[in-house]
Amino acid sequence: MKVKDDFLLREVAGCYVVVPVGQNAVDFNGIVNLNETGAFFWEQLQNDITEQELLAAVLDKYEVDEKTAKADIKSFIAKLEENNLLA
Amino acid sequence: MFYKLCDFYVKMNPLHNKICSMAEKFLYDGAIPISSECITLEKYTRERLQQYQAMKDYSHLSLEEIEFILLAADFHTKILDFDAVMLHSSAVVHRGECCLFSAPSGFGKSTHTKMWQKLFDAEIINDDSPVIRLIDGKPVVYGSPFSGGTFISEDKASPLKAVVFLERARDNSVTELNNREATKLFLLNTLRPTDPQRVHRLFDTFDTLYRQTKFFRLKCNTDKQAAVLAEKHIYKENDYEG
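What counts and what doesn't
- Residues numbered from 1 in each chain as written.
- Chains lettered and ligands numbered in written order.
- Predicted model: local features only at pLDDT ≥ 70, side-chain atom pairs only at ≥ 80, totals over all residues.
- Heavy atoms only, no water.
- Helix = DSSP H or I, 4+ residues; strand = E, 2+ residues; numbered from the N terminus.
- Expected span 1.5 Å × (residues − 1).
- Buried < 20%, exposed > 50% of the residue type's maximum accessible area, 1.4 Å probe, protein only.
- Polar contact = N/O pair within 3.5 Å; in protein donor to acceptor, adjacent residues only side chain to side chain.
- Arc of directions from axis to C-beta.
- Contact = heavy atoms within 4.5 Å.
- Core = buried A, V, L, I, M, F, W, Y, C linked by side-chain atoms within 4.5 Å.

A. Highlighting helix α6 (residues 196–210) of chain B. All names here are of chain B. Its 15 residues give α6 an end-to-end C-alpha distance of 21 Å, which sits within 8% of 21 Å, the value for a rise of 1.5 Å per residue. The complete set of buried residues in α6 reads R198, V199, L202, F203, T205, F206, D207, L209 and Y210. N-cap assignment for α6: the residue whose side-chain oxygen lies 3.1 Å from the backbone N of Q197 is D195.

B. Seen up close, helix α4 (residues 66–82) of chain A. All names here are of chain A. The end-to-end C-alpha distance of α4 is 24 Å, a good match for the 24 Å that 17 residues give at a rise of 1.5 Å each. What α4 keeps buried is the set A69, I73, F76, I77 and L80. The arc that holds the buried residues of α4, viewed along the axis, is 95°, so those residues lie on one side. In α4, the exposed positions that point more than 90 degrees away from the buried face belong to K67, K74, K79, E81 and E82. Looking at the buried side of α4, the elements it contacts are β3 (32–34), α2 (36–44) and α3 (51–61).

C. The arrangement of the nonpolar core in detail. Counting residues in hydrophobic clusters, the biggest one holds 32 residues, and the most contacted among them are L100, I132, F186, F203, F206, L209 and F215 of chain B. Mapped onto this core, the elements with two or more residues apiece are β1 (7–12) and β2 (15–20) of chain A together with β5 (89–94), β6 (97–102), β8 (131–135), β10 (157–168), α5 (179–188) and α6 of chain B. Broken down by element, the residue count for this core peaks at six residues, all from α6 of chain B. Dropping the residues within four chain positions of it, L100 of chain B is found in contact with L87, S89, S90, A91, P130, I132, V141, L160, A162, V163 and V164 of chain B. In this structure, Y58, L61, F75 and A84 of chain B belong to the second largest nonpolar core, which totals 31 residues.

Set out below in structure tokens:
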């Protein structure tokens, strides 16, 4: 599982945004706002990883129980699917 | 031909005379200092403009209008390499500082800034797409000949005071924007480049100017009270300076 190429994640003015670049920028004029966790998820998902690997990365980085982390990942991925952002 | 646009030396040779005459007051015939950066804009042949005209998005436009749009886009993209960014807005100078009123085209940005002209004797230096440059790290607003349909543009510069995003409403109100809202609205009202390197430059510039600039949302109707309210909010700290 991975996010589409041709998107750029950037911290700017103290927040995280994802914007399309390349041909993508022509077709998709929106921007995605992320919080810090969302930015971490996005960063991880720039490489093709499994949900299990993402969970491991989250548990490694944040002090969070497995159940909460799983739920967060699920809802994040659902949002990506909804917005057609997965490769 | 060389032009001095926003204090940049710009080389362009437009095909259409009207573009040349519009840019006339920006013409530069002095010597270009050796150390200075020079921006060279694309040269569009009649054939190339006709190719654009055959495309759906451009089919209702004349070749002259297409050339103008392409040159403007090229300019607004290339300046990103030099700590500068365009914001779709009407730029008005009041008490020696510039406020940018931004909204999608057709909203009535100019209607609002014309009220500032009338009420406060403020000066509109660009009516559609002024450029913000970081000069010694400080944001400064410049007029340029690339100014949408109305061609109100002066060869002038002024320090940036505030950026205000306009929204239509029945009643007037002003709120200060947080970083997320400001970033989002700014990005939606500038020309976003497709080249990742330039996207980074755009973000670098925005980051620096964000830290020194107040961002507001002005919900407004077309009554002059909207301008009175906005002016009061934006310039309020002056009341305390005596």
